[in-house]
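So you can see what is in the structure, the chains are spelled out below.
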Amino acid sequence: MKYLIAGLGNIGAEYELTRHNIGFLILDRLADREGLKFEHDRHSFITELKYKGRSIHLMKPTTYMNLSGKAVNYWLTQLKIPKDNLLVITDDIALPYGKLRLKAKGSAGGHNGLKNIEQMIGGQDYPRLRFGVGDGFGKGQQVDYVLSPFNQQEMDEIVLNMDLAIDALLSFCTIGLERTMNQFN
């Protein structure tokens, strides 16, 4: 069984520890933990994790957030992975900080990276793991908020929250979406 796990974010040092990059951060943590190295190849940094008989391809698009669908669509097609075996990890301002929400499908909810994925792969019917980054911003400040670094309290808790997200993504690949949703939502 093959899976594609797409952690969304933006490339560049100025975005590295921002809320919008939580997808990159989670995959970086998993790769570090497993001793994997990302290689740059066609619109992404990509690596492969062998886990419990599964081939799990971890990818971080290099197309910037708003064009994430280009990379996701390329690797789904290239690796011949069905949409059901795609998991997109992204930030979500509608969830409290650190809260995880795994869904089988759904709207982009104003998230430009998810909107582009929907356009490129043809619909909203793909699993996604949303990582809550909170909504601590004023009117018209959403972009500045998601592109700002985590505060100290969030940084103090981020490792535990990322590890929970890693547990959820590995569970998705081994016991399936429904059982993982029951366990982590």
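Notes on the structure follow. (Residues numbered from 1 in each chain as written. Predicted model: local features only at pLDDT ≥ 70, side-chain atom pairs only at ≥ 80, totals over all residues. Heavy atoms only, no water.)

1. Comments concerning the packing of helix 5 (residues 152–175) against helix 6 (residues 177–184)
- In the contact formed by helix 5 and helix 6, the axes pass within 7 Å of each other and the chain directions differ by 150°. By the angle between their axes, helix 5 is roughly antiparallel relative to helix 6. Regarding helix 5 and helix 6, the two cross each other, and that crossing is right-handed. Of the residues in helix 6, those in contact with Leu164, Asp167, Ala168, Ser171, Phe172 and Ile175 of helix 5 are Leu177, Arg179, Thr180, Gln183 and Phe184.
- Residue classes in the contact of helix 5 with helix 6 are distributed as six nonpolar, three polar and two charged. (Axes fitted to C-alpha atoms, helices over the stretch in contact; angles between N-to-C directions. Helix = DSSP H or I, 4+ residues; strand = E, 2+ residues; numbered from the N terminus. Parallel < 35°, antiparallel > 145°, perpendicular 65-115°, else oblique. Left-handed = near helix turned anticlockwise from the far one by under 90°. Contact = heavy atoms within 4.5 Å. Nonpolar A, V, L, I, M, F, W, Y, C, P; charged D, E, K, R; others polar.)

2. A closer look at the packing of aromatic side chains
- Taken as a whole and judged by the stated rule, the model has six aromatic pairs.
- Arranged with centres 6.4 Å apart and planes meeting at 75°, the rings of Tyr15 and Tyr64 form a pair that is edge-to-face. Residue Tyr15 is located in the loop between strand 1 (2–7) and helix 1 (22–34), and its partner Tyr64 is located in the loop between strand 4 (54–61) and helix 2 (68–79); the two are separated by 49 residues in the primary sequence.
- With a relative accessible area of 21%, Tyr15 lands in the partly exposed category.
- Arranged with centres 5.0 Å apart and planes meeting at 90°, the rings of Tyr74 and Trp75 form a pair that is edge-to-face.
- Exposure remark for Trp75: the relative accessible area of 6% places this residue in the buried category. (Phe/Tyr/Trp six-rings, centres within 6.5 Å; stacked < 30°, edge-to-face > 60°. Buried < 20%, exposed > 50% of the residue type's maximum accessible area, 1.4 Å probe, protein only.)

3. Notes on the pairing of strand 4
- Counting buried residues along strand 4, seven of its eight residues qualify, which places the element largely inside the surrounding structure.
- Examined bridge by bridge, strand 1 and strand 4 share five bridges and lie parallel to one another. Each residue of the ladder has a partner; that of Ile5, found in strand 4, is Leu58.
- Bridge count for strand 3 (residues 44–51) against strand 4 is eight bridges, and the pairing is antiparallel. By the bridge assignment, Thr47 is partnered in strand 4 with Leu58.
- Hairpin connection, strand 3 to strand 4: the antiparallel pair is bridged by two residues, and Lys52 has positive phi, about 50°. (Pairing = 2+ DSSP bridges.)

4. Remarks on the pairing of strand 3
- Where strand 2 (residues 39–41) lies against strand 3, three bridges are found, and the strand directions are antiparallel. Along strand 3, the bridge assignment pairs His40 with Phe45.
- Between strand 2 and strand 3, which pair antiparallel and follow one another directly, the connecting turn spans two residues, one of which, Arg42, has a positive phi of 35°.

5. Side note on unusual backbone geometry
- Despite not being glycine, Tyr64 shows a phi value in the positive range, around 70°.
- Residues other than glycine seldom take positive phi values, yet Lys80 does so here, at roughly 55°.
- Tracing the backbone shows Lys80 in the loop between helix 2 and strand 5 (86–92).
- On the accessibility criterion, Lys80 (69% relative accessible area) is exposed.

6. Considerations on the nonpolar core
- With 36 residues, the main nonpolar core has Ile5, Ile22, Ile26, Ile56, Leu58, Leu129 and Leu169 as its most contacted residues.
- If one sorts the elements of this core by residue count, helix 5 sits on top with nine residues.
- The contacts of Leu129, once residues within four sequence positions are left out, are Leu87, Val88, Ile89, Thr90, Leu100, Arg101, Leu102, Ala165 and Ala168. (Core = buried A, V, L, I, M, F, W, Y, C linked by side-chain atoms within 4.5 Å.)

7. Considering the pattern of salt bridges
- Taken as a whole and judged by the stated rule, the model has six salt bridges.
- We note a salt bridge from Lys60 to Asp28, for which the minimum N-O separation is 2.5 Å. With a gap of 32 residues between them, Lys60 in strand 4 and Asp28 in helix 1 connect regions that are remote in the sequence.
- What makes Lys60 buried here is its relative accessible area of 9%.
- For Arg130, the salt bridge identified is with Asp92, shortest N-O distance 3.2 Å. (Salt bridge = Lys/Arg side-chain N within 4 Å of Asp/Glu carboxyl O.)

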